[in-house]
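Listed here are the chains, written in short residue letters.
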Amino acid sequence: MKEKLEPGKLKVEKLYLSGYRLFWGNNFITIKDFETEASKFFEYYPYSEMLLPKISFIKRLSRFYIQKKDKLKIFADELKNDEEFEDVKFEKTYSILGLPYVVKYKIKKSNIEIQFDGILFISTLLLQEKETPIELPKLLEYVDENPPENLWGEEIGGTHRQKFINEIAPFPKRYYIAEINYSMHASNETKRFILRMPLLDKRIMRVTYPTGEAEKGQKYDLYIGSYEHIAKVIAQDFESLFYLKKVINENLGNIHRDILDIKNKISDIYYSKLTSLFGWFNPKKWWEPIKAWKNLQAGFQVTTKFVLKSSLYKEALNVYKDLLQRGVAYYSIPFQNNMAQNQTSAPYTVDRKEWELEYDPSYSNFHKVPDILLTRLNFLETLAKKVYDITQRNMYILQMQISISSMILVFYGILITAFLSSGILFLKCIGFLVLLIFLLCLSIFAKKNDWGFFDINCRSTFRGFNNRSVVFYFKRRSL
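Quick notes on the rules
Residues numbered from 1 in each chain as written. Predicted model: local features only at pLDDT ≥ 70, side-chain atom pairs only at ≥ 80, totals over all residues. Heavy atoms only, no water. Helix = DSSP H or I, 4+ residues; strand = E, 2+ residues; numbered from the N terminus. Expected span 1.5 Å × (residues − 1). Bend = angle between axes of the 7 residues up to and from the residue. Salt bridge = Lys/Arg side-chain N within 4 Å of Asp/Glu carboxyl O. Buried < 20%, exposed > 50% of the residue type's maximum accessible area, 1.4 Å probe, protein only. Pairing = 2+ DSSP bridges. Phe/Tyr/Trp six-rings, centres within 6.5 Å; stacked < 30°, edge-to-face > 60°. Lys NZ or Arg CZ within 6 Å of the ring centre and 35° of its normal. pLDDT = per-residue confidence, 0-100. Contact = heavy atoms within 4.5 Å.

Our next topic: helix α7 (residues 227–266). In a regular helix each residue adds 1.5 Å, so 40 residues correspond to 58 Å; α7 covers 58 Å between its end C-alpha atoms and thus fits that length. Along its length, α7 shows its largest kink, about 30°, at Asn249.

What follows is the structure in structure tokens.
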């Protein structure tokens, strides 16, 4: 739904240039286990369209991140010894993301103020402060003639930037933020509006190698509203990108690796060589069915574990997607209550030619990521089902092979008994010799592999794909 804007009524008091850059490493924070926290939360809170309690799960930052206070303090001390910076402080005060400690400092040559909480570097430069507020159209004339400079290339400074070069987002996002004078009622304090105007810096030229394709212009945004409010919403948007790409995407990558690893081990249908007449006299062959059985057992464990987790990931990703579709923005507040966030209207994009307002989900840095990860999750579910089917099929084959091997073992027993009970001394000797060889092979196998007779237990523990549910496990006993 489009709404009309009267730009002449918006009076701008201050203009800021702000830059945001993610720190991808875990040097300064510890991230809690996703599955544990998600399981606790989604089991406790019911579905609710009114209160949307699930949103508080992904926005309670202090529940997921624990700052490494000592590491942040060391970082601040290093900055104090660097001549590029001044006014370096390590403070116990909530960052824009709502984390309890923050490092603040200023770059001497540019007068840019920086704050860092272990996740996000936020750069701020006050460009203009008007004693007499100016109208928005006049501000835009200034912005058009003075696109933002890329002043954040060295915000960590010299050797410090080199120290973390591979963990800092290579390009900062940069914004103009215009502070306007408007009065708010206390009841509407958590629903302040934000206007967003997409702009293009035509000075920038990019060439993609090896294709040689050239792209002219770099997008940046002008946000209009309360500076502090806008800064929190943008920072929260970056944290969402961090959590989706750093935590959830990496976890799905690990799950993908585990499923592929077990798939490679069980993809070939196993045929036991113990079914040959003399197979039981080769101890090396005895380990093969047990090794195959262990791999099949691991296949059931991997697929079952994934099915239990996949619903949690899908739940969280759908919440992120829901945020974008509803056009509701949230930012964290530094208190331990149920919701632990403030609600605001999402940034509404301004059509400068028509001066119309319309919500556009693409304003968000993570607007494509939930769908990408949900697609990956669907792929993993399909892959896990294939692994489950292969595991189940091979289990039946291996059971049949072990049954045949057992029959051969019984045959050997009958043969040995017949020889030993024979009245002919020669046959008794052959039977006794066969028995000794068999027992010797059995003892070598048991000593080498630390396996004695094993019990195979089967019980139904989880309803997996297509309502088939069986988990096999071993129980060791000594000979």
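Take the pattern of salt bridges next. On inspection of all chains with the given rule, the structure shows 16 salt bridges. Two residues, Asp221 and Arg196, come together in a salt bridge whose shortest N-O distance is 3.4 Å. Taken together, the positions of Asp221 in strand β11 (residues 213–225) and Arg196 in strand β10 (residues 195–208) put the pair 25 residues apart, joining distant regions of the chain. Both residues of the pair, Asp221 and Arg196, count as buried. With a shortest N-O distance of 3.1 Å, Glu381 and Lys314 are connected by a salt bridge.

The element strand β6 (residues 102–107) is largely enclosed, with a buried count of five among its six residues. One ladder, built from five bridges, connects strand β5 (residues 85–91) with β6; its direction is antiparallel. From the neighbouring strand, Glu86 faces β6, where its bridge partner is Lys106. In the sheet, β6 pairs with strand β7 (residues 113–116) via four bridges, with the strands oriented antiparallel. Residue pairing in the sheet places Tyr105 in a bridge with Ile114 of β7. Taking the residues that link successive antiparallel strands as the turn, the β6-β7 hairpin has five residues, and the phi of Asn111 there is positive, at about 65°.

Our next topic: the packing of aromatic side chains. Tallied over the entire structure, the rule returns 24 aromatic pairs. Seen in terms of ring centroids, Phe34 and Tyr243 are 6.5 Å apart; in terms of plane orientation they differ by 50°. Their pairing is tilted. Of this pair, Phe34 sits in helix α1 (residues 34–44) while Tyr243 sits in helix α7, placing them 209 residues apart in sequence. Taking relative accessible area as the criterion, Phe34 reaches 1% and is therefore assigned buried. With centroids separated by 6.1 Å and ring planes inclined at 70°, the aromatic side chains of Tyr176 and Tyr220 adopt a geometry described as edge-to-face. Note that Tyr176 is positioned in strand β9 (residues 173–180) and Tyr220 in strand β11, a separation of 44 residues in sequence. Classification of Tyr176 by relative accessible area gives buried; the value is 2%. Residue classification places Tyr220 among the buried residues on the basis of a relative accessible area of 3%. Three or more aromatic residues joined by ring pairs form one cluster here, namely Trp24, Phe34, Phe64, Tyr65, Phe242, Tyr243 and Tyr313. Taking NZ or CZ as reference, Lys92 lies 5.6 Å from the ring centre of Tyr101, over its face.

A few words on the confidence of the model for the protein chain. Detailed reading of the predicted model is not advised wherever pLDDT is low. Per-chain confidence: the protein chain averages 76 in pLDDT, with 67% of residues scoring 70 or above. The model gives residues 184–190 a pLDDT under 50, and that stretch makes five contacts with residues more than four places away or in other chains. Across residues 448–479, where pLDDT falls below 50, the model places 73 contacts with residues more than four positions away in sequence or in other chains.

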